[in-house]
Amino acid sequence: MDEESKVKIEKTVREILNESDMTEMTEFKVRNLASERLGIDLSDKSHKAFVRGIVKSFLDEVESKQQQDKDEQEEEEEQRAKGDKELDDDGDLIICRLSDKRRVTIQEFRGKALVSIREYYKKDGKELPSSKGISLTDEQWSTFKKNIPAIENAVKKMESRV
């Protein structure tokens, strides 16, 4: 098989593979489609082996690309997880800032995790929690979450009266 034929066969096989649903495609189908497109009989041993090598190379490249994409995605997620964590001056995790002075944090107090919704003030360049706010235990937080729809309905009723 001459070099020009090899180049044409490889190009055609790769085009077919790129266009195909890989869950349906077989090496036999690829070889037959390439034979039809090129007008060349690819059923002899040397052509079969050549096409098999192209298919294997293509599948290896696809698998490598998928693994690379997966690795990059996992790395991005790890970076996001690390980078998105904002801590306050006490080392508590800031979940969100409700305003300049109010925020929701997760803090640990006497070995228990608390959801804290609190106002902060600045002193000596540090933002410190004020006494204005509430800290909820896991149980209290769960109860609060379950009742959010009822709270939203009550707020809507109040707003409709105004």
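Residues numbered from 1 in each chain as written. Predicted model: local features only at pLDDT ≥ 70, side-chain atom pairs only at ≥ 80, totals over all residues. Heavy atoms only, no water.

Trainee: Just checking my understanding: could you explain the UniProt feature "domain: DEK-C" (unreviewed entry) in the chain for this structure?
Mentor: Those residues carrying the UniProt feature "domain: DEK-C" (unreviewed entry) are residues 3–60 in this numbering. Segment residues 3–60 splits into 78% helix and 0% strand. End C-alpha atoms: 23 Å apart. (UniProt positions renumbered as here; feature names shortened; annotations may be inferred. Helix = DSSP H or I, 4+ residues; strand = E, 2+ residues; numbered from the N terminus.)

Trainee: Mind showing me how you'd approach the domain arrangement of the chain here?
Mentor: Often, the extent of an interface is quoted as the loss of accessible area upon association of its parts. Per the domain assignment, the segments of the chain are domain 1 (3–79) and domain 2 (93–160). Once you take the C-alpha centre of each, domain 1 and domain 2 turn out to be 56 Å apart. (Domains from an automatic or database assignment.)

Trainee: Even after reading the chapter, I still don't get the nonpolar core, so can you show me in this structure?
Mentor: Nonpolar side chains in soluble globular proteins generally cluster together in the buried interior. Among the nonpolar cores identified, the biggest contains 12 residues, and these are Ile9, Val13, Ile16, Leu17, Met25, Val30, Ala34, Leu42, Val51, Ile54, Val55 and Phe58. For this core, the secondary-structure elements that each account for two or more residues are α1 (3–19), α2 (27–38) and α3 (45–83). Those residues in contact with Ile16, other than ones at most four positions away along the chain, are Met25, Val30, Leu33, Ala34 and Arg37. (Core = buried A, V, L, I, M, F, W, Y, C linked by side-chain atoms within 4.5 Å. Buried < 20%, exposed > 50% of the residue type's maximum accessible area, 1.4 Å probe, protein only. Contact = heavy atoms within 4.5 Å.)

Trainee: Help me out: how do you make sense of the pairing of strand β2 (residues 93–97) in this one?
Mentor: A regular strand carries its side chains on alternate faces of the sheet. Relative to β2, strand β1 (residues 86–87) runs antiparallel, the two sharing 2 bridges. Across the sheet, residue Leu87 finds its bridge partner in β2, namely Leu93. Alignment of β2 against strand β3 (residues 102–109), held across 4 bridges, turns out to be antiparallel. Across the sheet, Arg97 pairs through a bridge with Arg103, a residue of β3. (Pairing = 2+ DSSP bridges.)

Trainee: Which parts of the structure should I look at to understand the side chain of His47?
Mentor: Position of His47 among the secondary structure elements: in helix α3. Residue contacts for His47: discarding those within four places in its chain leaves Met1, Ile9, Asp41 and Leu42.

Trainee: Help me understand the environment of Ser131, please; the structure alone is not making it clear to me.
Mentor: Along the chain, the position of Ser131 falls in strand β5 (residues 126–136). On the accessibility criterion, Ser131 (71% relative accessible area) is exposed. Between the C-alpha atom of Ser131 and that of Glu159, which follows or precedes it by 28 residues, the distance is 29 Å.

Trainee: Help me understand α1 in this model?
Mentor: Along an α-helix, residues three or four apart share an orientation, since each turn contains 3.6 residues. The end-to-end C-alpha distance of α1 is 24 Å, a good match for the 24 Å that 17 residues give at a rise of 1.5 Å each. Burial in α1 covers these residues: Ile9, Thr12, Val13, Arg14, Ile16 and Leu17. Between the side-chain oxygen at the start of α1 and the backbone nitrogen of Glu4 there is a gap of 3.0 Å, and the oxygen is on Asp2. (Expected span 1.5 Å × (residues − 1). Polar contact = N/O pair within 3.5 Å; in protein donor to acceptor, adjacent residues only side chain to side chain.)

Trainee: It is not clear to me how the sheet that holds β1 should be interpreted in this structure. Could you clarify?
Mentor: Hydrogen bonds between backbone groups are what pair the strands of a sheet, and the pairing can be parallel or antiparallel. Read across the sheet, 5 strands follow the order β1-β2-β3-β4-β5 without closing on themselves; strand pairing throughout is antiparallel. Pairing within the sheet leaves two strands with one partner each, and these edge strands are β1 and β5. In the sheet, strand β4 (residues 112–123) pairs with β5 via 8 bridges, with the strands oriented antiparallel. Across the sheet, Lys122 pairs through a bridge with Glu127, a residue of β5. Lying over the sheet, helix α4 (residues 138–146) contacts β4 and β5, oriented at roughly 70° with respect to β5. (Axes fitted to C-alpha atoms, helices over the stretch in contact; angles between N-to-C directions.)

Trainee: Quick question: what am I supposed to make of the packing of α4 against helix α5 (residues 148–161) here?
Mentor: Working note: a packed helix pair is described by the angle between its axes plus the distance between those axes. Where α4 contacts α5, the two axes come as close as 4 Å, and the packing angle between them is 50°. The orientation of α4 relative to α5 falls into the category oblique. Of the residues in α5, those in contact with Phe144, Lys145 and Lys146 of α4 are Ile148, Pro149 and Ile151. Its residues assigned to classes, the contact of α4 with α5 shows 4 nonpolar, no polar and 2 charged. (Parallel < 35°, antiparallel > 145°, perpendicular 65-115°, else oblique. Nonpolar A, V, L, I, M, F, W, Y, C, P; charged D, E, K, R; others polar.)

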